[in-house]
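# Overview (structure and organization)
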Protein chains: 2
Amino acid sequence: MSQLLRVQCFNVSQDGVGAGEGQSLEQPFGHIDPGDLVAWLGDTASFVYRTEPGGTRGLDDHFSRDFDRNIGAEIMGRNKFGPQRGPWEDHEWQGWWGDTPPFHTPVFVLTHHERPSFTLADTTFHFLDATPAEALGRAKQAADGKDVRLGGGVATIREFIEADLIDAMHVAVVPVIVGRGERLWESPVDITDQFESEVVTSASGVTHHMFWRR
Amino acid sequence: MSQLLRVQCFNVSQDGVGAGEGQSLEQPFGHIDPGDLVAWLGDTASFVYRTEPGGTRGLDDHFSRDFDRNIGAEIMGRNKFGPQRGPWEDHEWQGWWGDTPPFHTPVFVLTHHERPSFTLADTTFHFLDATPAEALGRAKQAADGKDVRLGGGVATIREFIEADLIDAMHVAVVPVIVGRGERLWESPVDITDQFESEVVTSASGVTHHMFWRR
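None of the values given here were measured: they were computed from a predicted structure.

## Looking at the overall build of chain A
A tally of helices and strands in chain A yields five helices and 11 strands. The C-alpha radius of gyration computed for chain A amounts to 16 Å, which stays within 12% of the reference 17 Å derived for 214 residues, consistent with globular compactness. Taken along its principal axes, the extent of the C-alpha atoms in chain A is 45 × 40 × 35 Å. Taken across its 214 residues, chain A has 43% of its residues classed as buried. Considering only residue pairs separated by 6 or more positions, chain A has 65% of its internal contacts joining residues 24 or more positions apart.

This is the structure:
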C-alpha cells in the first residue's frame, strides 16, 4: 500500500474555529479553552495520554485510536509547535508537550527560520523551510513506509488542502461555539470537489467528518 | 495495557441472524448468501482481502481496519472452521480460506474432537477441547501481549458472553432480512447489563453496534 498523508483528530468548534485569537505561552489555543476541544478524546480508552485502564470504547474511541495507527512521521506548522513568531531568539523552547511528546516519530515543523533538530524521548523535531510538497517528501522518507500525519494548525491544513496533498482527513466538530479565531472552513462543502466524505455523530455529541481523496 | 478479548466485524442480518440453516461445503453460511453479509467490508479500503488500491475511507472503514489491529490470536468455533460434525473422518479439510488464511496469527478452534495442529502460510490452527475460559488463557499466551479476537460463529459468541469473557464487541447489522437461522440475540438490549454500548449507522446502511465491558 502506498503511504498516505492523513489528518487525524483535528478538532474545531461548532462554528469551525480550530485556533482562538491571542496564542501565547499560557494559551496555546488563544482564547479557546483547549479542554473544550479535546474533552471527547480524554474520555476514550485509546487517548494518547491515558496511563490508566478504563475509558470508553465506542465511536469516539475509533477515532482516538486512529491518531497513531500506522503513522511514521508528523508534519506540523510552526504555530502548533510554539507561540513564538519570527527568528528564534534562542532554542530553549521545545514544544508544549514536556519530556515525552505524544508523537513517538520524527516531526517536521514548517518554519522560515532555521533551527537545529533535537530529540525528546522517542520524538525528534526537525525544522524545515519548505513547500508542502517538499515537506511531505521528507516526511515520507522518514516514515519508514508508514503514513504521515498532518498535525495542523488551521493554516497548515489549508495549505495542504490547496496543494491537494491530503489523502484522508478526520475533523471532529465539538459542540461549543467560540465566535472568533482561525476557521478551518466556512463550510465543509467547500472541499467536496476534492474529497468524498461521510459525517457521523457520536454519543458524546461530537460530529466526526471523514474525508478521503476522490 | 491488559489483553482484551474482542469481537470484530461480526455480521448479522437486520433480524439478528448470523448463520443460516443448512451449512455445507458449498454454503458456509447455510441459506444466507455470505455476499449479503460482507458486502460492506468489501467496499472498504482496509478490507482484509483487498489487494488493489482504492476503497472507501469512511465510517465502515474504521470498523474494517479494526479487524486485525493489535490482534495476536483468534478463537473460533468449529462451525466457523468447517461444515463437518462429529469426529474428523480425515484431516484433509483445512478451512474455507485457501492457502493464505486472513488471520496471520495462531487460531484456536474449539472442538470436542482431537486433531493435530497445522500451518498455512502465517496462520497456525490449533484444536482445543476446552471451556471458553481455558481457551482464552491459551490464546492470550499465544498472542504475545496483543489482544485476542473471538471470531464466532453465533453459538461460540453466545458462550463467551454467558461466561462474561468478552471485553469489547463490534456487531454489524446489515440491511437484509433472512427470516431463519442462528440468531445472535433476540435484541441487543439483552446484554446491556454486561456492556455499555453505542450504535451508529454508516452511509452504506450498515448499523454498527459497539459494546464494551461495564
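## Quick notes on the relation of the copies chain B and chain A
Overlaying chain B on chain A yields an RMSD of 0.0 Å, the required transformation being a rotation through 180° with an accompanying axial translation of 0.0 Å. What the superposition gives is, in effect, a two-fold axis relating one chain to the other. Measuring from the rotation axis to each C-alpha of chain B, the shortest distance belongs to His62 of chain B, at 3.4 Å. When the interface residues of chain B are mapped onto chain A, 100% of them again lie at the interface, so the same face is used by both copies.

## Here's the deal with the sheet that holds strand β11 (residues 207-213) of chain A
Residues and elements named next belong to chain A. With mixed pairing, nine strands are arranged side by side in an open sheet as β5-β6-β4-β3-β7-β1-β8-β11-β10. Sheet topology places β5 (118-120) and β10 (195-201) at the edges, where each strand pairs with a single neighbour. Along the sheet, successive strands turn relative to each other by an average axial angle of 20°, direction set aside.

## Description of unusual backbone geometry
With an omega of 0°, the peptide bond running from Gly152 of chain A to Gly153 of chain A counts as cis. The backbone of Asp144 of chain B shows a phi angle near 60°, a positive value even though the residue is not glycine. Within the element layout of this structure, Asp144 of chain B appears in the loop between α4 (132-142) and β7 (147-150).

## Quick look at the sheet that holds strand β11 (residues 207-213) of chain B
Residues and elements named next belong to chain B. Pairing within the open sheet is mixed, and its nine strands lie in the order β5-β6-β4-β3-β7-β1-β8-β11-β10. Of all strands in the sheet, those with a lone pairing partner are β5 (118-120) and β10 (195-201), marking the two edges. Put simply, the sheet's adjacent strands are angled 20° from each other on average, direction ignored. Two elements, strand β3 (residues 71-77) and β7, share four bridges in a ladder whose sense is parallel. Each residue of the ladder has a partner; that of Ala73, found in β7, is Val148. Seen against the sheet, α4 touches β1 (5-13), β3, β4 (106-110), β6 (123-128) and β7 and runs at an angle of roughly 150° to β3.

## Thoughts on the environment of Gly82 of chain B
Residues and elements named next belong to chain B. In this structure, Gly82 sits in the loop between α3 (78-81) and β4. Linking Gly82 and Ala121, residues 39 residues apart in sequence, is a C-alpha distance of 19 Å. Those residues within four positions of Gly82 in sequence are excluded, and the remaining contacts are Trp93 and Gly95.

## Some words on the pairing of strand β8 (residues 168-174) of chain A
Residues and elements named next belong to chain A. Among the seven residues in β8, six count as buried, and that is most of the element. As paired strands, strand β1 (residues 5-13) and β8 are joined by six bridges and run parallel to one another. Bridge assignment links Asn11 to a residue of β8, and that residue is Ala172. Pairing analysis gives six bridges linking β8 to β11, with the strands arranged antiparallel. Note that in β11 the partner of Ala172 across the bridge is His208.

## A few points about the environment of Arg138 of chain B
All names here are of chain B. Its location among the elements puts Arg138 in helix α4. When the C-alpha positions of Arg138 and Leu128 are compared, they lie 9.3 Å apart, and in sequence the two are 10 residues distant. In contact with Arg138, not counting residues within four places along its chain, are Phe108 and Leu128.

## Quick notes on the nonpolar core
Ranked by size, the top nonpolar core spans 98 residues in total, and within it Ile75 of chain A together with Ile75 of chain B carry the most contacts. Leaving out residues up to four positions away in the same chain, Ile75 of chain A has contacts with Phe108, Leu110, Ala135, Leu136, Ala139, Val148, Leu150 and Gly151 of chain A.

## A few points about the confidence of the model for chain A
In this model, chain A carries an average pLDDT of 94, and 100% of its residues clear a pLDDT of 70 or more. Complex prediction metrics read pTM 0.90 and ipTM 0.84.

## Looking at the interface of chain B and chain A
Many analyses report the size of an interface as the accessible area lost when the parts associate. Contacts between chain B and chain A engage 14 residues on the former and 14 residues on the latter. Looking at the side of chain B that touches chain A residue by residue, the class counts come to seven nonpolar, four polar and three charged.

## Some details on α4 of chain B
Quick reminder: α-helices carry 3.6 residues per turn. Residues three or four places apart thus point the same way. Residue and element names in this part refer to chain B. Those residues of α4 not exposed but buried are Pro132, Ala135, Leu136, Ala139 and Lys140. Axial view of α4: buried residues confined to an arc of 135°, hence all on one face. Exposed side of α4, more than 90 degrees from the buried face: Ala133 and Glu134 are the residues found there. Positive phi appears at Asp144, one or two residues downstream of α4, with a value of about 60°.

## Details of the pairing of β1 of chain A
Residues and elements named next belong to chain A. Counting buried positions along β1 yields nine of nine residues, so the element is predominantly enclosed. Relative to strand β7 (residues 147-150), β1 runs parallel, the two being bridged by two bridges. Looking at β7, one finds that Leu5 is bridged to Val148.

## Regarding helix α5 (residues 154-162) of chain B
Residue and element names in this part refer to chain B. Taken as a whole, α5 has its buried residues at Val154, Thr156, Ile157, Phe160 and Ile161. Considered in projection along α5, the buried side chains sweep an arc of 165° and stay on one side of the axis. Where α5 terminates, the next one or two residues include Asp164, which has phi positive at roughly 55°.

Reading guide: rules and limits
Residues numbered from 1 in each chain as written. Chains lettered and ligands numbered in written order. Predicted model: local features only at pLDDT ≥ 70, side-chain atom pairs only at ≥ 80, totals over all residues. Helix = DSSP H or I, 4+ residues; strand = E, 2+ residues; numbered from the N terminus. Rg over C-alpha atoms; globule rule 2.2 N^0.38 Å. Buried ≥ 20, exposed ≤ 12 C-beta atoms within 10 Å, placed from the backbone. Contact = placed C-beta atoms within 7 Å. Least-squares fit on C-alpha atoms with pLDDT ≥ 70 in both. Pairing = 2+ DSSP bridges. Axes fitted to C-alpha atoms, helices over the stretch in contact; angles between N-to-C directions. Core = buried A, V, L, I, M, F, W, Y, C linked by C-beta atoms within 7 Å. pLDDT = per-residue confidence, 0-100. Nonpolar A, V, L, I, M, F, W, Y, C, P; charged D, E, K, R; others polar. Arc of directions from axis to C-beta.

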